[in-house]
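Residue-level structural notes
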Amino acid sequence: MISFSPSEEQALIVDTLKRFAKDRLRSIFREADENGELPADILSKGWELGLVGSSIPEQYGGFGEFSAVTGALALEELAWGDLASALALSAPASFAFAILAAGTEAQREALLPQFSEESFVNATSALIEPRLQFNPRKLQTTATSDGNGYVLNGVKSYVPLANSAEHFLIYAAENGQTQAFIVPAKTVGLSVGEREKLMGVRALEVARITLDNVKVAADAKLGGEAGIDFGRLYARSQVALAALAIGVARGAYEYALDYARNRQTFGEAIGQRQSIAFMLAEMLVEIDGARLMVWEAAWKLDNNQEVTRDALMAKHNADKTVLMVCDRALQILGGHGYIREFPVELWLRNARGFSTFDGLAMV
């Protein structure tokens, strides 16, 4: 039986992040988008909430329990506040949680304690490649054994925080199988390119990285000689991104609802008109349905059940839902929706990106 009643700890996390999203992220998101960068202190303030450390067990220096359901609840609140900030805060989690889920004991003991310290740990993951028909299970970035370790070659794109990252988790194909490799930023042959300019999440710093005969030791392979179950890690990423999409959709819906209640034309609120009311009802139904799919997939992750199909469906449905909801929100605002003074055009630009986001987050 699946139960979605939040535990006392989960309720506390949601309340804390809801306040952070409302008081901090909603106060900076428009200016950050216009300036193309996040305020210097926003990552450190978010980090102080223990977003990563609270999911790392005590034996690895943390103070919590690894839970995909809790992660989904947290990410929805962060994305409600600001998607760019949420993705930036999620970048270290994409590194740390992969180590926790698939790393060897030695890798966990060596790398995880720093994620529970006070200072923001600038670590990130690189999965996406800049080519048509990108397939995470058929990567063109390669890892070739040279007898002593591995040699990595390839190009990655959409790598969050790449310019300031200290640690990368690079996904590459070894004998046709997707594996992951822990690569320090200063490794010879690893170079970070110009910042990529995106249609949405413009405050999030993303860049391409190039791997030119990057040599790493054998113990840099995540999971050791046995490697990783990539499908499981990929499902976690899909669920996380779907949860972020729900947060953006919820934000757009609530804004449109409030606008429809207060915008008066011809002597009545526009929300009283059937066409507007039907749109708002459909938006809410789709959001709630998409959220349940995310929670079910997350629950299966936490209970070690097969989740490939559920994660794929949750991600695909959330991608469609957030785009539909943000577009409807813009439509409800009419001309105001297209003006940058109002946030809906920003949310619609962000929503369009979800179908291309892959491997940018982790629960």
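Not measured: the values here are computed from a predicted model.

1. Things to note about the pairing of strand E4 (residues 167-174)
- Of all 8 residues in E4, 8 are buried; the element is thus mostly enclosed.
- In E4, alternate side chains face the same way, and those of His167, Leu169, Tyr171 and Ala173 on one face and Phe168, Ile170, Ala172 and Glu174 on the other are all buried.
- Taken together, the 4 bridges between strand E1 (residues 123-126) and E4 define a ladder with parallel strand orientation. Bridge assignment links Ser125 to a residue of E4, and that residue is Leu169.

2. Considering the packing of helix H1 (residues 8-35) against helix H3 (residues 68-81)
- Interhelical geometry of H1 versus H3 gives an angle of 20° and a closest axis separation of 7 Å. In terms of orientation, H1 and H3 fall into the roughly parallel class. H1 and H3 meet at a crossing whose hand is right-handed. Judged by residue contacts, Gln10, Ile13, Val14, Leu17, Lys18, Phe20, Ala21, Lys22, Leu25, Arg26 and Phe29 of H1 engage Val69, Thr70, Leu73, Ala74, Glu77, Leu78, Trp80 and Gly81 from H3.
- Of the residues in the contact of H1 with H3, the class split is 12 nonpolar, 3 polar and 4 charged.

3. Looking at the nonpolar core
- Of all hydrophobic cores here, the largest spans 84 residues; its most connected members are Leu78, Leu83, Leu244, Leu280, Met283, Val294 and Ile332.
- The set of elements that each furnish at least two residues to this core consists of H1, helix H2 (42-47), H3, helix H4 (83-102), helix H6 (230-262), helix H7 (274-302), helix H8 (308-333) and helix H9 (344-352).
- Ranked by residues supplied to this core, first place goes to H6 with 17 residues.
- Those residues within four positions of Leu280 in sequence are excluded, and the remaining contacts are Tyr253, Ala256, Leu257, Ala260 and Ile332.
- Grouped together as the second largest cluster of nonpolar side chains are 30 residues, Trp47, Ala93, Val121 and Leu139 included.

4. Some details on the UniProt feature "domain: Acyl-CoA oxidase/dehydrogenase middle" (unreviewed entry) in the chain
- Mapped onto the present numbering, the UniProt feature "domain: Acyl-CoA oxidase/dehydrogenase middle" (unreviewed entry) falls at residues 128-214.
- Secondary structure within residues 128-214 divides into 0% helix and 54% strand; the distance between the first and last C-alpha atoms comes to 18 Å.

5. A word on H8
- Taking 1.5 Å as the rise per residue, H8 with 26 residues should run 38 Å; its terminal C-alpha atoms sit 38 Å apart, in good agreement.
- Looking one or two residues past H8, Gly334 carries a phi angle of roughly 65°, positive in sign.

6. Quick look at the packing of aromatic side chains
- With the rule as written, the count across this model stands at 10 aromatic pairs.
- Between Phe66 and Phe97, the aromatic rings sit 5.1 Å apart at their centres with planes inclined by 55°, giving tilted as the arrangement. Of the two residues, Phe66 is situated in the loop between H2 and H3 and Phe97 in helix H4; the sequence distance between them amounts to 31 residues.
- Judged by its relative accessible area of 5%, Phe97 is buried.
- Considering the side-chain rings of Tyr255 and Trp347, the 5.7 Å spacing of their centres and the 80° angle between planes classify their relative orientation as edge-to-face. Of this pair, Tyr255 sits in helix H6 while Trp347 sits in helix H9; the two residues are 92 residues apart in sequence, bridging distant segments of the chain.

7. What to know about the side chain of Lys156
- With respect to the element layout, Lys156 can be found in strand E3 (residues 149-160).
- The exposure class of Lys156 is buried, given its relative accessible area of 0%.
- A polar atom in the side chain of Lys156 sits 3.2 Å from the side chain of Glu129.

8. Some words on the pattern of salt bridges
- Applying the stated criterion across every chain yields a total of 23 salt bridges.
- Salt-bridge contacts for Asp33 lead to Arg349; the nearest nitrogen and oxygen are separated by 2.9 Å. One end of the pair, Asp33, is in helix H1; the other, Arg349, is in helix H9, with 316 residues separating them in the sequence.
- Judged by relative accessible area, which is 4%, Asp33 ranks as buried.
- A salt bridge links Lys300 to Asp310; its shortest N-O distance comes to 3.2 Å. Of the two residues, Lys300 sits in helix H7 while Asp310 sits in helix H8, which places them 10 residues apart along the sequence.

Rules used throughout
Residues numbered from 1 in each chain as written. Predicted model: local features only at pLDDT ≥ 70, side-chain atom pairs only at ≥ 80, totals over all residues. Heavy atoms only, no water. Buried < 20%, exposed > 50% of the residue type's maximum accessible area, 1.4 Å probe, protein only. Helix = DSSP H or I, 4+ residues; strand = E, 2+ residues; numbered from the N terminus. Pairing = 2+ DSSP bridges. Axes fitted to C-alpha atoms, helices over the stretch in contact; angles between N-to-C directions. Parallel < 35°, antiparallel > 145°, perpendicular 65-115°, else oblique. Left-handed = near helix turned anticlockwise from the far one by under 90°. Contact = heavy atoms within 4.5 Å. Nonpolar A, V, L, I, M, F, W, Y, C, P; charged D, E, K, R; others polar. Core = buried A, V, L, I, M, F, W, Y, C linked by side-chain atoms within 4.5 Å. UniProt positions renumbered as here; feature names shortened; annotations may be inferred. Expected span 1.5 Å × (residues − 1). Phe/Tyr/Trp six-rings, centres within 6.5 Å; stacked < 30°, edge-to-face > 60°. Polar contact = N/O pair within 3.5 Å; in protein donor to acceptor, adjacent residues only side chain to side chain. Salt bridge = Lys/Arg side-chain N within 4 Å of Asp/Glu carboxyl O.

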